[in-house]
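Residues per chain are reported as follows:
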Amino acid sequence: MQLHIFNPEHDMALALDMEKFVPSHAGREMRADLGFLPALWAEDGDWVLVDDVEGAKARIRHLGAYAHNVHFITCDALGHHPSFLHIQPWGWNRALRRQLLDAGINEAQLPSHDVLSNIRQMSHRFWAATHLLKPLVAGDTSNRVGLAHQVSDAEELEVLIATLGKCVLKAPWSSSGRGLRYVEQLTTHQRGWARNIIAKQRSVMVEPYFHKVMDFACEFEVKGNEVRYCGLSIFRTVNGMYAGNVIATEQEKEDMVSEFFPFVKVRAAINDLLQLFAENLAGIYEGPLGVDMMLVNTENATKLHPCVEVNLRRTMGHVALAFNPSPCMPRRLMQVGRESGAYHLRLLTTAENCLPSYW
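The following refers to the structure shown. Note on numbering: residues in each chain are counted from 1, in written sequence order. With pLDDT at 70 or above as the cut-off, local features in this predicted model cover only qualifying residues; side-chain atom pairs require 80 or more to be listed or tallied, and sums for whole chains, interfaces and linings still use all residues. Computation of side-chain values covers all heavy atoms of the structure but excludes hydrogens and water.

1. A short note on the nonpolar core
1) Next: Among buried residues, those of type Ala, Val, Leu, Ile, Met, Phe, Trp, Tyr and Cys that are joined through side-chain atoms within 4.5 Å constitute a nonpolar core. A 1.4 Å probe rolled over the protein chains alone gives each residue an accessible area, and that area as a share of the maximum for its type sets the label: buried under 20%, exposed over 50%, partly exposed in between. In this structure, Leu100, Leu132 and Phe216 are the most contacted members of the largest nonpolar core, which totals 57 residues.
2) Next: Any two residues having at least one pair of non-hydrogen atoms within 4.5 Å are treated as being in contact. Not counting chain neighbours up to four residues away, the residues in contact with leucine 100 comprise Ile5, Leu49, Leu78, Ile87, Trp92, Ile105 and Leu110.
3) Next: Counting residues in hydrophobic clusters, the runner-up holds 25 residues, among them Leu37, Leu40, Ile60 and Trp90.

So this is what it looks like as structure tokens:
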């Protein structure tokens, strides 16, 4: 019997690293409106933490046969419930640990401060750049590309941008495109933003700008000493912000990537990641994670950027995989949007979403 929690404010909580973190209004709304989502991947008989039990029951009906037979519970009722075998949130951070402790969950069921510190450290973009991106690119320079610098000084940042030209600045901890800035020469506003990030997070990441062909991600799960590849996530972004996921079979998604780049070379990167995760995560992190990748045009050919970022948490790609479509089902688009004052999960099946091989 497990307890599942959808806490989409996780990335911001990770960045601030505070027990008394107060999510943004949008974060609180999304958690309240979409708290039922774990019913997609939970097992029958599991429990899901929500703000409103009756509201969650009403919303879960729209998922039909995709939803498992779960029980909903509010935070106020957690302290009166018998112990859960496992607690599975969207992502672990100090704020969530404190919230569950205050709700009456036994501390023995929660990750230690050391574990949370490791998760935060490995969620830093520099960790991914050094432990994953660097060895991945070094292992196959003819098909892979990618580079990331960590800068902790504003003057050093100016010099690096002058050397690289057009580049992308990234906050070390951020999500869904919110911590990105595309620059060629720092404007006054961008300079102020970078100084603020350095002051709050001690550094800023700088990466060369690549001409993107396609976004996608590879989803994984770590259990004990085992690391499993779960599947592809083909997603759309608008101005760096998440805009939707394709719901399709693995073969269909692999074919979509193969239109631009041989998937056998992506598979090789997946295998390399499995080995790197086994070396760096086993025994330290347990749970779902995702690696964002992209195909880019270089001077000579289309290449794979094998590690744009790593999310040590569940992702919207994992949500899309939970629908597990059969080959006879039409391709669909999963979107999370806000309408009539609330967030909704939608599956769209239209000619626009299904006919193109890629948006």
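Still more ground to cover, so stick around.
2. Side note on the sheet that holds strand E5 (residues 149-151)
1) Next: One open sheet holds the four strands; their spatial order is E5-E8-E6-E7, and the pairing between them is antiparallel. Strands at the two margins of the open sheet, each flanked by one partner only, are E5 and strand E7 (180-183). Ignoring which end each strand starts from, the neighbouring axes of this sheet average 30° apart.
2) Next: Two strands make a pair as long as DSSP finds a minimum of two bridges between them. What counts as a helix is a DSSP run of H or I of at least four residues, what counts as a strand is a run of E of at least two, and both are numbered from the N terminus. Relative to E7, strand E6 (residues 167-170) is paired through four bridges, and the arrangement is antiparallel. Counterpart to valine 168 in the pairing with E7 is tyrosine 182.
3) Next: To get an axis, fit a line to the C-alpha atoms, keeping to the stretch in contact for a helix; angles then go from 0 to 180 degrees between the N-to-C directions. The strands touched by helix H8 (residues 154-164) within the sheet are E5, E6, E7 and strand E8 (204-208), with E5 carrying the most contacts at an inclination of about 150°.

3. Let's talk about helix H5 (residues 94-102)
Residue pairs three or four apart in sequence face the same way in an α-helix, which turns once every 3.6 residues.
1) Next: Taken as a whole, H5 has its buried residues at Ala95, Leu96, Arg97 and Leu100.
2) Next: The N-cap of H5, judged by a side-chain oxygen 3.1 Å from the amide nitrogen of alanine 95 a few residues on, is asparagine 93.
3) Next: One or two residues past the end of H5 sits glycine 104, with phi positive at roughly 105°. Any pair of nitrogen or oxygen atoms within 3.5 Å is treated as a polar contact; in protein, a donor-acceptor pairing is required on top of that, and neighbouring residues in sequence qualify only through side-chain atoms on both sides.

4. Concerning the sheet that holds strand E14 (residues 302-311)
1) Next: Within the open sheet, the four strands sit side by side as E10-E9-E13-E14. Their pairing is antiparallel. Of all strands in the sheet, those bounded by a partner on one side alone are strand E10 (226-233) and E14. Across the sheet, the mean angle from the axis of one strand to that of its neighbour is 25°, orientation sign disregarded.
2) Next: Here strand E9 (residues 211-223) runs beside strand E13 (residues 287-297); their pairing, made up of 11 bridges, is antiparallel. Each bridged residue has a counterpart across the sheet, and for phenylalanine 216 the counterpart in E13 is methionine 293.
3) Next: Lying over the sheet, helix H10 (residues 250-258) contacts E9, E10 and E13, oriented at roughly 70° with respect to E10.
4) Next: Along the sheet, helix H11 (residues 263-280) contacts E9, E10, E13 and E14; its crossing angle with E10, the most-contacted strand, is approximately 145°.

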